[in-house]
Amino acid sequence: MSQFTQPPQPQQPYSPAQEPGLRPARNGLGTAALVLGIIGAVSGLIPFMFWLAGILGLIALILGLAGRGRAKRGEANNKGVTTFGAVLGLVALILSVVGAVLTFKAVDDVVNDINKSVADSSASAKPGGADDAKGDAKDDAKGDAADAPKTDDEPAAGETLAGRDTAAYDDGLEVTVSNAAAYTPDAYAAGHTKGNRAYKVSVVIENKTKEKFDSALVSVDARAGDDGVNAEQIFDGKVGEGFSGTVLPGKKITVQFAFDAPADAKNLSVEVSPGFDWDASQWELKL
(Lines give C-alpha, C1' and ligand atoms only; values in the text may rest on other atoms or scores of the structure.)
Protein backbone atom coordinates (compact mmCIF):
# COMPACT_ATOMS: atom_id res chain seq x y z
CA MET A 1 0.00 0.00 0.00
CA SER A 2 1.34 3.32 -1.06
CA GLN A 3 2.17 5.90 1.54
CA PHE A 4 1.06 8.70 -0.79
CA THR A 5 -2.66 9.41 -1.17
CA GLN A 6 -4.42 12.07 -3.32
CA PRO A 7 -5.86 14.89 -1.23
CA PRO A 8 -9.61 15.16 -1.40
CA GLN A 9 -10.98 17.73 -3.90
CA PRO A 10 -13.15 20.54 -2.47
CA GLN A 11 -16.75 20.25 -3.45
CA GLN A 12 -18.36 23.12 -5.40
CA PRO A 13 -21.45 24.59 -3.77
CA TYR A 14 -24.69 23.84 -5.66
CA SER A 15 -26.50 26.80 -7.20
CA PRO A 16 -29.67 26.36 -9.18
CA ALA A 17 -29.67 27.64 -12.77
CA GLN A 18 -32.49 30.13 -12.04
CA GLU A 19 -34.52 30.55 -8.94
CA PRO A 20 -38.24 30.57 -9.46
CA GLY A 21 -39.92 33.99 -9.25
CA LEU A 22 -36.88 35.92 -10.44
CA ARG A 23 -37.81 36.10 -14.14
CA PRO A 24 -37.67 39.64 -15.68
CA ALA A 25 -40.97 41.54 -15.42
CA ARG A 26 -42.84 41.98 -18.69
CA ASN A 27 -43.89 45.62 -18.31
CA GLY A 28 -43.90 46.57 -21.99
CA LEU A 29 -47.67 46.53 -22.47
CA GLY A 30 -48.28 48.84 -19.53
CA THR A 31 -45.61 51.30 -20.64
CA ALA A 32 -46.95 51.36 -24.22
CA ALA A 33 -50.49 51.86 -22.93
CA LEU A 34 -49.38 54.84 -20.83
CA VAL A 35 -47.50 56.52 -23.69
CA LEU A 36 -50.26 56.01 -26.24
CA GLY A 37 -52.89 57.07 -23.72
CA ILE A 38 -51.10 60.36 -23.03
CA ILE A 39 -50.67 61.12 -26.74
CA GLY A 40 -54.28 60.15 -27.47
CA ALA A 41 -55.70 62.29 -24.66
CA VAL A 42 -53.67 65.31 -25.79
CA SER A 43 -54.78 64.75 -29.40
CA GLY A 44 -58.40 64.74 -28.26
CA LEU A 45 -57.98 68.31 -27.03
CA ILE A 46 -56.77 69.54 -30.43
CA PRO A 47 -59.48 70.50 -32.97
CA PHE A 48 -59.82 68.15 -35.95
CA MET A 49 -57.46 65.59 -34.31
CA PHE A 50 -60.30 63.47 -32.93
CA TRP A 51 -59.50 60.67 -35.39
CA LEU A 52 -55.97 60.27 -34.00
CA ALA A 53 -57.26 60.37 -30.43
CA GLY A 54 -59.74 57.61 -31.25
CA ILE A 55 -57.12 55.33 -32.80
CA LEU A 56 -54.50 55.82 -30.06
CA GLY A 57 -57.11 55.66 -27.31
CA LEU A 58 -58.43 52.31 -28.53
CA ILE A 59 -54.94 50.82 -28.76
CA ALA A 60 -54.00 52.19 -25.32
CA LEU A 61 -57.15 50.72 -23.77
CA ILE A 62 -56.47 47.29 -25.29
CA LEU A 63 -52.81 47.30 -24.23
CA GLY A 64 -53.74 48.54 -20.76
CA LEU A 65 -56.23 45.73 -20.21
CA ALA A 66 -53.75 43.17 -21.48
CA GLY A 67 -51.06 44.62 -19.20
CA ARG A 68 -53.35 44.34 -16.18
CA GLY A 69 -53.82 40.67 -17.02
CA ARG A 70 -50.06 40.19 -16.96
CA ALA A 71 -49.84 42.00 -13.63
CA LYS A 72 -52.49 39.72 -12.10
CA ARG A 73 -50.56 36.65 -13.26
CA GLY A 74 -47.38 38.00 -11.72
CA GLU A 75 -45.68 38.48 -15.10
CA ALA A 76 -45.48 42.30 -14.66
CA ASN A 77 -45.04 44.59 -11.69
CA ASN A 78 -46.35 47.88 -13.11
CA LYS A 79 -50.03 47.45 -12.39
CA GLY A 80 -50.49 51.13 -11.55
CA VAL A 81 -48.89 52.33 -14.79
CA THR A 82 -50.94 49.84 -16.78
CA THR A 83 -54.17 50.93 -15.12
CA PHE A 84 -53.40 54.60 -15.70
CA GLY A 85 -52.63 53.89 -19.35
CA ALA A 86 -55.96 52.11 -19.79
CA VAL A 87 -57.81 55.01 -18.14
CA LEU A 88 -56.06 57.52 -20.43
CA GLY A 89 -57.03 55.37 -23.42
CA LEU A 90 -60.67 55.51 -22.34
CA VAL A 91 -60.43 59.29 -21.86
CA ALA A 92 -58.93 59.62 -25.35
CA LEU A 93 -61.86 57.63 -26.81
CA ILE A 94 -64.38 59.88 -25.06
CA LEU A 95 -62.60 63.02 -26.29
CA SER A 96 -62.53 61.54 -29.77
CA VAL A 97 -66.30 61.09 -29.80
CA VAL A 98 -66.88 64.60 -28.42
CA GLY A 99 -64.45 66.10 -30.94
CA ALA A 100 -66.12 64.28 -33.83
CA VAL A 101 -69.55 65.55 -32.81
CA LEU A 102 -68.33 69.14 -32.42
CA THR A 103 -66.40 69.02 -35.71
CA PHE A 104 -69.32 67.67 -37.71
CA LYS A 105 -71.65 70.22 -36.11
CA ALA A 106 -69.24 73.06 -36.95
CA VAL A 107 -68.94 71.87 -40.55
CA ASP A 108 -72.72 71.57 -40.81
CA ASP A 109 -73.16 75.10 -39.46
CA VAL A 110 -70.66 76.45 -42.00
CA VAL A 111 -72.43 74.66 -44.85
CA ASN A 112 -75.79 75.98 -43.68
CA ASP A 113 -74.40 79.51 -43.46
CA ILE A 114 -72.99 79.22 -46.98
CA ASN A 115 -76.28 77.88 -48.31
CA LYS A 116 -78.18 80.64 -46.53
CA SER A 117 -75.81 83.26 -47.89
CA VAL A 118 -76.25 81.93 -51.42
CA ALA A 119 -80.02 81.78 -51.00
CA ASP A 120 -80.17 85.28 -49.56
CA SER A 121 -78.17 86.69 -52.47
CA SER A 122 -80.79 85.84 -55.06
CA ALA A 123 -83.92 87.91 -55.57
CA SER A 124 -87.42 87.19 -56.77
CA ALA A 125 -89.41 89.75 -58.67
CA LYS A 126 -92.48 91.51 -57.30
CA PRO A 127 -94.50 93.47 -59.87
CA GLY A 128 -95.14 97.12 -59.14
CA GLY A 129 -98.59 97.92 -57.85
CA ALA A 130 -100.70 100.99 -57.46
CA ASP A 131 -98.60 102.20 -54.54
CA ASP A 132 -95.30 103.61 -55.71
CA ALA A 133 -92.10 104.63 -53.98
CA LYS A 134 -91.89 108.08 -52.50
CA GLY A 135 -91.13 110.56 -55.21
CA ASP A 136 -92.38 108.41 -58.10
CA ALA A 137 -95.63 110.34 -58.36
CA LYS A 138 -93.68 113.39 -59.50
CA ASP A 139 -91.70 111.30 -61.96
CA ASP A 140 -94.86 109.78 -63.38
CA ALA A 141 -96.45 113.23 -63.77
CA LYS A 142 -93.43 114.35 -65.81
CA GLY A 143 -93.33 111.53 -68.28
CA ASP A 144 -94.59 108.19 -67.02
CA ALA A 145 -98.36 108.64 -67.25
CA ALA A 146 -98.38 106.97 -70.65
CA ASP A 147 -96.70 103.78 -69.40
CA ALA A 148 -98.71 100.61 -69.83
CA PRO A 149 -100.42 99.45 -66.62
CA LYS A 150 -98.81 96.67 -64.66
CA THR A 151 -100.36 93.22 -64.65
CA ASP A 152 -100.63 90.90 -61.70
CA ASP A 153 -98.37 88.32 -63.36
CA GLU A 154 -95.18 88.03 -61.35
CA PRO A 155 -91.98 87.98 -63.41
CA ALA A 156 -89.78 84.94 -63.05
CA ALA A 157 -86.83 85.16 -60.66
CA GLY A 158 -83.73 86.46 -62.43
CA GLU A 159 -85.78 88.12 -65.20
CA THR A 160 -85.11 91.77 -66.00
CA LEU A 161 -87.57 93.95 -64.10
CA ALA A 162 -89.64 96.88 -65.33
CA GLY A 163 -90.12 100.27 -63.73
CA ARG A 164 -91.70 100.15 -60.25
CA ASP A 165 -91.06 96.40 -59.97
CA THR A 166 -89.39 95.21 -56.76
CA ALA A 167 -86.48 92.81 -56.35
CA ALA A 168 -87.30 90.90 -53.14
CA TYR A 169 -84.40 89.00 -51.60
CA ASP A 170 -84.88 85.92 -49.45
CA ASP A 171 -83.62 87.63 -46.30
CA GLY A 172 -86.30 90.34 -46.56
CA LEU A 173 -84.38 93.12 -48.33
CA GLU A 174 -86.37 94.77 -51.13
CA VAL A 175 -85.15 97.10 -53.88
CA THR A 176 -87.50 99.10 -56.09
CA VAL A 177 -86.60 101.29 -59.09
CA SER A 178 -89.08 103.82 -60.48
CA ASN A 179 -89.78 104.58 -64.11
CA ALA A 180 -87.36 106.93 -65.81
CA ALA A 181 -88.44 110.58 -66.04
CA ALA A 182 -86.90 113.39 -68.08
CA TYR A 183 -84.54 115.51 -66.03
CA THR A 184 -82.94 118.91 -66.58
CA PRO A 185 -79.51 119.19 -64.94
CA ASP A 186 -78.52 122.56 -63.54
CA ALA A 187 -75.89 124.75 -65.12
CA TYR A 188 -73.10 123.35 -62.98
CA ALA A 189 -73.96 119.66 -63.41
CA ALA A 190 -71.17 117.15 -63.94
CA GLY A 191 -71.59 114.09 -66.13
CA HIS A 192 -74.00 115.61 -68.66
CA THR A 193 -72.92 115.93 -72.30
CA LYS A 194 -74.42 118.58 -74.54
CA GLY A 195 -76.80 117.01 -77.05
CA ASN A 196 -77.64 114.06 -74.76
CA ARG A 197 -80.72 113.71 -72.64
CA ALA A 198 -80.88 113.28 -68.88
CA TYR A 199 -83.22 110.94 -67.05
CA LYS A 200 -83.93 110.57 -63.35
CA VAL A 201 -84.91 107.45 -61.42
CA SER A 202 -85.73 106.81 -57.79
CA VAL A 203 -84.15 103.83 -56.04
CA VAL A 204 -85.90 102.68 -52.87
CA ILE A 205 -84.41 100.09 -50.50
CA GLU A 206 -86.69 98.73 -47.79
CA ASN A 207 -85.11 96.76 -44.98
CA LYS A 208 -87.51 93.99 -43.98
CA THR A 209 -84.74 91.94 -42.42
CA LYS A 210 -84.07 91.59 -38.70
CA GLU A 211 -80.69 93.30 -38.88
CA LYS A 212 -79.38 96.74 -39.78
CA PHE A 213 -78.55 97.33 -43.43
CA ASP A 214 -75.46 99.32 -44.42
CA SER A 215 -76.50 101.28 -47.51
CA ALA A 216 -73.01 102.66 -48.12
CA LEU A 217 -72.16 99.56 -50.16
CA VAL A 218 -75.06 100.01 -52.59
CA SER A 219 -73.99 100.71 -56.17
CA VAL A 220 -76.25 101.92 -59.01
CA ASP A 221 -75.16 101.85 -62.67
CA ALA A 222 -76.96 102.33 -65.96
CA ARG A 223 -76.61 101.61 -69.68
CA ALA A 224 -78.60 103.27 -72.44
CA GLY A 225 -79.91 102.23 -75.84
CA ASP A 226 -79.85 98.93 -77.68
CA ASP A 227 -76.05 99.06 -77.82
CA GLY A 228 -75.86 99.26 -74.03
CA VAL A 229 -73.52 102.25 -73.93
CA ASN A 230 -72.53 103.45 -70.49
CA ALA A 231 -74.95 106.05 -69.15
CA GLU A 232 -72.81 108.36 -67.07
CA GLN A 233 -74.21 109.39 -63.73
CA ILE A 234 -75.03 113.08 -63.38
CA PHE A 235 -74.02 115.07 -60.32
CA ASP A 236 -75.56 118.42 -59.45
CA GLY A 237 -77.22 120.07 -56.49
CA LYS A 238 -80.23 117.71 -56.54
CA VAL A 239 -78.94 114.28 -57.56
CA GLY A 240 -75.75 112.27 -57.31
CA GLU A 241 -75.22 112.00 -53.58
CA GLY A 242 -75.78 108.23 -53.52
CA PHE A 243 -76.64 105.98 -50.59
CA SER A 244 -75.16 106.43 -47.15
CA GLY A 245 -75.91 105.49 -43.57
CA THR A 246 -77.65 102.57 -41.91
CA VAL A 247 -81.22 101.46 -42.53
CA LEU A 248 -82.93 99.99 -39.47
CA PRO A 249 -85.24 96.96 -39.73
CA GLY A 250 -88.65 98.01 -41.00
CA LYS A 251 -87.32 101.27 -42.48
CA LYS A 252 -86.56 102.34 -46.05
CA ILE A 253 -84.26 104.76 -47.84
CA THR A 254 -84.87 106.60 -51.13
CA VAL A 255 -82.20 108.16 -53.35
CA GLN A 256 -82.57 110.00 -56.66
CA PHE A 257 -80.16 109.21 -59.51
CA ALA A 258 -79.81 110.93 -62.88
CA PHE A 259 -78.12 109.43 -65.93
CA ASP A 260 -76.90 110.87 -69.22
CA ALA A 261 -78.16 108.99 -72.31
CA PRO A 262 -77.86 109.50 -76.07
CA ALA A 263 -80.72 111.49 -77.55
CA ASP A 264 -81.91 108.54 -79.64
CA ALA A 265 -81.87 106.00 -76.78
CA LYS A 266 -85.22 104.29 -76.26
CA ASN A 267 -84.43 102.40 -73.08
CA LEU A 268 -82.34 102.70 -69.94
CA SER A 269 -81.02 99.60 -68.15
CA VAL A 270 -80.46 100.22 -64.44
CA GLU A 271 -78.50 97.78 -62.28
CA VAL A 272 -78.60 97.94 -58.48
CA SER A 273 -76.21 95.93 -56.31
CA PRO A 274 -77.18 96.09 -52.60
CA GLY A 275 -73.75 94.82 -51.46
CA PHE A 276 -71.39 91.88 -51.41
CA ASP A 277 -73.97 89.45 -49.98
CA TRP A 278 -76.66 90.09 -52.59
CA ASP A 279 -76.81 89.54 -56.33
CA ALA A 280 -77.33 92.60 -58.49
CA SER A 281 -80.77 93.11 -60.04
CA GLN A 282 -81.58 94.81 -63.37
CA TRP A 283 -84.46 97.02 -64.47
CA GLU A 284 -85.30 97.80 -68.11
CA LEU A 285 -86.89 101.25 -68.29
CA LYS A 286 -88.56 102.78 -71.34
CA LEU A 287 -87.50 106.33 -72.26
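Residues numbered from 1 in each chain as written. Predicted model: local features only at pLDDT ≥ 70, side-chain atom pairs only at ≥ 80, totals over all residues. Heavy atoms only, no water.

Comments concerning the overall build of the protein chain
Check the secondary structure of the protein chain and you find 4 helices and 13 strands. Taking all contacts inside the protein chain whose residues are at least 6 apart in sequence as the whole, residues at least 24 apart take part in 74%. With an accessible surface of roughly 17,700 Å², the protein chain has 58% of that area assigned to carbon and sulfur atoms. (Helix = DSSP H or I, 4+ residues; strand = E, 2+ residues; numbered from the N terminus. Contact = heavy atoms within 4.5 Å. Areas by Shrake-Rupley, 256 points an atom, 1.4 Å probe, with all protein chains shown as cover.)

Describing a nonpolar patch on the surface
Together, Leu90, Ile94, Val98 and Leu102 make up an exposed nonpolar region whose accessible area comes to about 370 Å². Residue position: leucine 90 is located in helix α3 (residues 79–121). (Patch = residues over 30% accessible without salt bridge, like charges linked within 9 Å, V, L, I, M, F, W, Y side chains within 5 Å. Salt bridge = Lys/Arg side-chain N within 4 Å of Asp/Glu carboxyl O.)

A closer look at the sheet that holds strand β8 (residues 229–230)
With antiparallel pairing, the 4 strands of this open sheet are ordered in space as β8-β7-β12-β13. The two strands at the open ends of the sheet, each matched to only one other strand, are β8 and β13 (281–286). Note that strand β7 (residues 219–224) and strand β12 (residues 267–273) share 6 bridges and pair antiparallel. If you follow aspartate 221 over to β12, its bridge partner there is glutamate 271. (Pairing = 2+ DSSP bridges.)

A word on the pairing of strand β3 (residues 173–177)
Of all 5 residues in β3, 5 are buried; the element is thus mostly enclosed. The alternating pattern of β3 places Leu173, Val175 and Val177 on one face and Glu174 and Thr176 on the opposite face, and all of these are buried. Pairing between strand β2 (residues 166–169) and β3: 3 bridges, direction antiparallel. Bridging across to β3, alanine 168 finds its partner in glutamate 174. Count of turn residues in the β2/β3 antiparallel hairpin: 3 residues, of which glycine 172 carries a positive phi of about 110°. For β3 and strand β5 (residues 197–207), the ladder comprises 5 bridges, and the chain directions are antiparallel. (Buried < 20%, exposed > 50% of the residue type's maximum accessible area, 1.4 Å probe, protein only.)

Here's the deal with the pairing of β5
Along β5, 9 of the 11 residues are buried, which leaves the element largely enclosed by surrounding structure. Where strand β4 (residues 181–183) meets β5, 3 bridges bridge the pair, whose relative direction is antiparallel. Bridge pairing in β5 places alanine 181 opposite lysine 200. By the bridge criterion, 10 bridges tie β5 to strand β11 (residues 252–261) in an arrangement that is antiparallel. Note that in β11 the partner of isoleucine 205 across the bridge is isoleucine 253.

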